[in-house]
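Examination of the molecular architecture
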Amino acid sequence: MPFNVKKMYINGEWVNSQADQSREILNPATGEVIAVVAEGTVEDVKHAIHSARKAFDEGPWRSFSAQDRASLLLQISSLIDEHKEELAKLETMNNGKPLREALSDVETASDAFRYYAGLVRTSLGETFDSTIDSIVIQEPIGVCTQIVPWNFPLQMAAWKLAPCLAAGNVSVFKPAETTPLSAIRLFELMSELDIPPGVVNLVLGAGRVIGNELTSNEHVDKVSFTGGTVTGKKIMANSIETMKKVTLELGGKSPVVVFSDVNIDTTVEYALFGIFLGAGQVCSAGSRILVHEDIYQEFIGKMTAHAEQIVVGNGLDEGVEMGPVASEAHMHKVLDFIQTGEREGATLATGGKRIVEGNYGKGYFIEPTIFTNVSNNMSVVQEEIFGPVVTVQTFSSEEEAVRLANSTKYGLAGAVFTNDFSRALRVTKSMKAGTVWINKYHSVNNQLPWGGFKQSGFGRDLGKNSLLEYTETKVVNMNIHSSAVGFYKSFSDNS
Ligand code: NDP
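Residues numbered from 1 in each chain as written. Predicted model: local features only at pLDDT ≥ 70, side-chain atom pairs only at ≥ 80, totals over all residues. Heavy atoms only, no water.

Secondary structure summary: the chain contains 16 helices and 23 strands in total. In terms of its C-alpha atoms, the chain occupies a principal-axis envelope of roughly 90 × 60 × 40 Å. Within the chain, the fraction of its 495 residues that count as buried is 57%. Sequence-distant contacts, at least 24 apart, represent 73% of the contacts inside the chain between residues at least 6 apart. Computed over 43 positive and 58 negative side-chain charges, the inter-centroid distance for the chain is 4 Å. (Helix = DSSP H or I, 4+ residues; strand = E, 2+ residues; numbered from the N terminus. Buried < 20%, exposed > 50% of the residue type's maximum accessible area, 1.4 Å probe, protein only. Contact = heavy atoms within 4.5 Å. Lys, Arg positive; Asp, Glu negative; His and termini not counted. Charge placed at Lys NZ, Arg CZ, Asp CG, Glu CD.)

One non-glycine residue, Asn439, adopts positive backbone phi at about 55°. Tracing the chain through its elements places Asn439 in the loop between strand E20 (435-438) and strand E21 (453-454). Judged by relative accessible area, which is 31%, Asn439 ranks as partly exposed. Phi angles above zero are rare outside glycine, and Ser482 is one such case at about 50°.

Once that is clear, we can look at the site of the ligand. Taken together, 28 residues lie near the ligand, and Trp150, Glu177, Gly207, Gly228 and Lys333 sit nearest. In this structure, Gly207 approaches the ligand through a main-chain N or O atom, which is 2.6 Å from an oxygen atom. Gly228 is positioned with one of its backbone polar atoms (N or O) 2.7 Å from an oxygen atom of the ligand. Bound to the protein, the ligand loses 87% of the 850 Å² it would expose on its own. Under a 2 Å grid-point criterion requiring more than half of the atoms, the pocket assigned to the ligand is the largest pocket. Elements with a minimum of two residues in the shell around the ligand: helix H7 (207-216), strand E11 (222-226), helix H8 (229-239) and helix H11 (328-343). The element that contributes the greatest number of residues to the shell around the ligand is H7, accounting for 3 residues. Its residues placed into classes, the shell around the ligand shows 12 nonpolar, 10 polar and 6 charged. (Near = heavy atom within 4 Å. Polar contact = N/O pair within 3.5 Å; in protein donor to acceptor, adjacent residues only side chain to side chain. Areas by Shrake-Rupley, 256 points an atom, 1.4 Å probe, with all protein chains shown as cover. 1 Å grid on protein atoms, 1.4 Å probe; cavity = no way out; pocket = protein on both sides within 12 Å on 5 of 7 lines; lining within 4 Å. Sits in = over half its atoms within 2 Å of the grid points. Nonpolar A, V, L, I, M, F, W, Y, C, P; charged D, E, K, R; others polar.)

Another aspect to go through is the side chain of Ser254. Within the secondary structure, Ser254 is located in the loop between strand E12 (245-249) and strand E13 (255-258). In this structure, Ser254 is in contact with Cys283, Ser284, Ala285, Gly286, Ser287, Arg288, Leu412, Ala413, Gly414 and Tyr441, ignoring residues within four places of it in sequence.

Residues at a pLDDT of 70 or more form 98% of the chain, whose mean pLDDT is 96. Across the chain, the secondary-structure element scoring lowest on mean pLDDT is strand E6 (residues 126-129), at 63, and the one scoring highest is strand E9 (residues 170-174), at 99. (pLDDT = per-residue confidence, 0-100.)

In this section: the sheet that holds strand E1 (residues 5-6). Ordered in space as E1-E5-E4, the 3 strands form an open sheet in which the pairing is mixed. One side of each edge strand has no neighbouring strand; the edge strands of this open sheet are E1 and strand E4 (22-26). One ladder, built from 5 bridges, connects E4 with strand E5 (residues 33-38); its direction is antiparallel. Looking across to E5, one finds that Ser22 is bridged to Ala38. Relative to the sheet, helix H6 (residues 181-190) contacts E1, E4 and E5, its axis offset from that of E5 by approximately 60°. (Pairing = 2+ DSSP bridges. Axes fitted to C-alpha atoms, helices over the stretch in contact; angles between N-to-C directions.)

To continue, consider helix H13 (residues 398-405). Turning to H13, its buried residues number three or more, namely Glu398, Ala401, Val402, Leu404 and Ala405. Down the axis, H13 shows its buried residues gathered within 165° of arc, on one side only. Summarising the geometry of H13, the exposed residues directed more than 90 degrees from the buried face are Glu399 and Arg403. Residues of H13 that are buried make contact with E13, strand E14 (288-292), strand E17 (389-395) and helix H14 (421-430). (Arc of directions from axis to C-beta.)

At a closest axis distance of 8 Å, the pairing of helix H3 (residues 84-95) and helix H4 (residues 99-119) adopts a crossing angle of 125°. The angle between H3 and H4 falls in the class oblique. For the crossing formed where H3 meets H4, the hand is right-handed. Where H3 abuts H4, its residues Lys84, Glu85, Leu87, Ala88, Lys89, Glu91 and Thr92 lie against Leu99, Ala102, Leu103, Val106 and Glu107. (Parallel < 35°, antiparallel > 145°, perpendicular 65-115°, else oblique. Left-handed = near helix turned anticlockwise from the far one by under 90°.)

Taken as a whole, this structure holds 14 aromatic pairs when the rule is applied. Ring centres 4.8 Å apart and planes at 50° place the aromatic pair Tyr9 and Trp14 in the tilted group. By relative accessible area, which is 8% here, Tyr9 ends up buried. Aromatic side chains Tyr488 and Phe491 sit 6.2 Å apart centroid to centroid with 50° between the ring planes, which places their arrangement in the tilted category. When sorted by exposure, Tyr488 lands in the same class as Phe491, which is exposed. (Phe/Tyr/Trp six-rings, centres within 6.5 Å; stacked < 30°, edge-to-face > 60°.)

Our next topic: the environment of Tyr410. With respect to the element layout, Tyr410 can be found in strand E18 (residues 410-411). Placed 29 residues apart in sequence, Tyr410 and Asn439 show a C-alpha to C-alpha distance of 21 Å. Once you skip the residues sitting within four places of it in the chain, Tyr410 turns out to touch Thr229, Gly251, Gly252, Lys253, Gln382, Glu384, Lys432, Phe453, Lys454, Gln455 and Ser456.

With 5 of 5 residues buried, E14 lies mostly within the body of the structure. Neither face of E14 is exposed, since Arg288, Leu290 and His292 on one face and Ile289 and Val291 on the opposite face are all buried. The pairing of E13 with E14 spans 4 bridges and is parallel. In the strand pairing of E14, Val258 is matched with Val291. For the handedness criterion, the β-α-β arrangement of E13, helix H9 (residues 264-276) and E14 is classed as right-handed. (Right-handed = clockwise from strand over helix to strand, strands pointing away.)

This part takes up the layout of surface pockets. One number sums up the size of the largest pocket: a volume of about 1400 Å³. What lines the largest pocket is a set of 49 residues, and nearest its centre among them are Pro149, Trp150, Gly228, Thr231 and Lys333. Here the lining of the largest pocket takes 7 residues from H8, the largest share from any one element. Those elements giving two or more residues to the lining of the second largest pocket turn out to be H4, helix H5 (153-166) and H9. Here the lining of the second largest pocket takes 6 residues from H9, the largest share from any one element. A breakdown of the residues in the lining of the second largest pocket according to their chemical character gives 13 nonpolar, 8 polar and 7 charged. (Points joined across faces, edges and corners; volume = space filled by probe spheres on them.)

This is how it looks when you write it as structure tokens:
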């Protein structure tokens with residue numbers, strides 16, 4: 001075998017799968033094997049959870065002050081910065097995204113650790129000066145399992161690990177089975193630091209095999225998950241027995257509402273960026289464009305023409321603007337959606353096929369795809385395709401635009417494009433979505449809470465919200481004046 005098997009990190013040690021199983025990791029741009037990693041089992045997960053439990057209940061971690069934890073997070077951030085190019089290249093090779101996107105993810109990951117290092121040193125609790133002397137303190141919850149998908153492997157790892165550790169919890173972390181490489185590298189870097197054994201644990205393996213244990217084990221206090229809604233529902237059901245705290249960041253079918261007063265060229269570029277960034281494999285992808293009928297013809301003409309010029313290729317190659325989708329299985333899922341769209345009567349304005357010419361045929365490339373003539377009940381309009389596929393619909397009034405925008409089960413994000421400030425705010429307030437962009441798309445900041453309405457989940461990653469969601473709230477009421485209860489007559493008689 002040409003590769004050393006990359007191991008899991010449990011209780012401060014690099015370990016093989018107890019069943020001695022491994023998995024080949026592929027580059028989705030070439031179909032080549034780029035690494036072999038341990039394939040964890042339920043027993044490995046139990047070992048990791050046990051180690052985490054011990055580290056939280058008995059280890060030195062609980063005595064780490066906010067300052068100590070912040071210092072560790074800053075060191076992690078610096079290590080990410082020092083290995084920025086290497087991490088970005090690894091991400092591109094494993095996930096397929098163009099290098100410039102991977103570099104941006106690495107920067108965001110590093111910034112997340114820096115941000116939470118700062119935030120945890122601010123005051124999180126509350127104090128009251130009233131007739132009851134009381135304080136409210138935020139305490140770590142305990143053992144957190146953290147499960148992330150394959151579209152932003154490193155960035156999601158940072159979004160989960162940074163607030164979890166900042167708040168004083170311990171983690172059992174699982175990357176997606178197809179894209180574990182940047183997380184393994186992150187754990188290699190973290191293992192250089194003085195983090196007590198069991199505080200950060202990395203388990204590898206298939207969610208369908210180890211997911212139940214990660215989300216139902218009685219020693220787990222919180223589950224934080226990013227991924228598909230179907231899996232999110234299973235996780236929620238699993239967590240009920242022991243009442244785990246749960247944060248779910250799930251899918252989306254985000255609308256991009258375009259009114260007739262916009263600059264069409266600028267808006268078309270945002271619309272393309274909204275859907276084709278990450279080859280559409282972004283939870284907040286702007287996958288439904290709603291355009292006012294007065295500008296529809298010009299808008300769709302320009303959008304189609306520019307979509308056809310997007311440079312698709314291996315993300316490591318200079319100038320590539322869109323990479324492959326992340327795996328062969330996912331490519332077939334996206335192509336099935338496209339076929340369903342055609343069967344249901346939608347018109348392919350452009351794209352719709354796998355790209356197979358030359359070297360493309362070895363990877364999992366799909367043409368940037370635009371559907372028109374769609375009706376609202378079609379599956380391509382309602383379901384999260386999670387690929388480079390967008391639908392374009394028209395509307396004639398603001399009311400209709402809002403109704404269409406809110407007409408799916410999802411509510412993660414959305415955008416409105418108009419130069420009418422009042423209309424922008426009206427539509428924004430009517431949209432059922434956790435994030436709404438006005439005249440822009442896809443900007444995310446670690447300081448701002450991130451999560452969804454409706455079946456896009458609940459709880460928030462990022463911002464102060466996320467840090468608080470990794471804490472329990474404890475109220476302490478104090479009798480600082482040594483006063484008596486004064487409730488039973490016999491006590492007052494004796495005094
Ligand atoms: P999943 O939601 O199944 O995968 C996300 C993570 O959950 C992965 O680490 C996966 O592991 C893990 N997982 C899978 N099954 C379980 C389980 N039973 N218990 C606990 N964890 C589990 O997404 P898929 O990769 O299957 O993609 C399906 C669809 O979900 C996509 O087509 C897309 O629509 C949506 N999705 C949304 C994302 C988002 O960011 N909101 C991200 C990814 C997908 P493993 O990789 O081993 O399966």
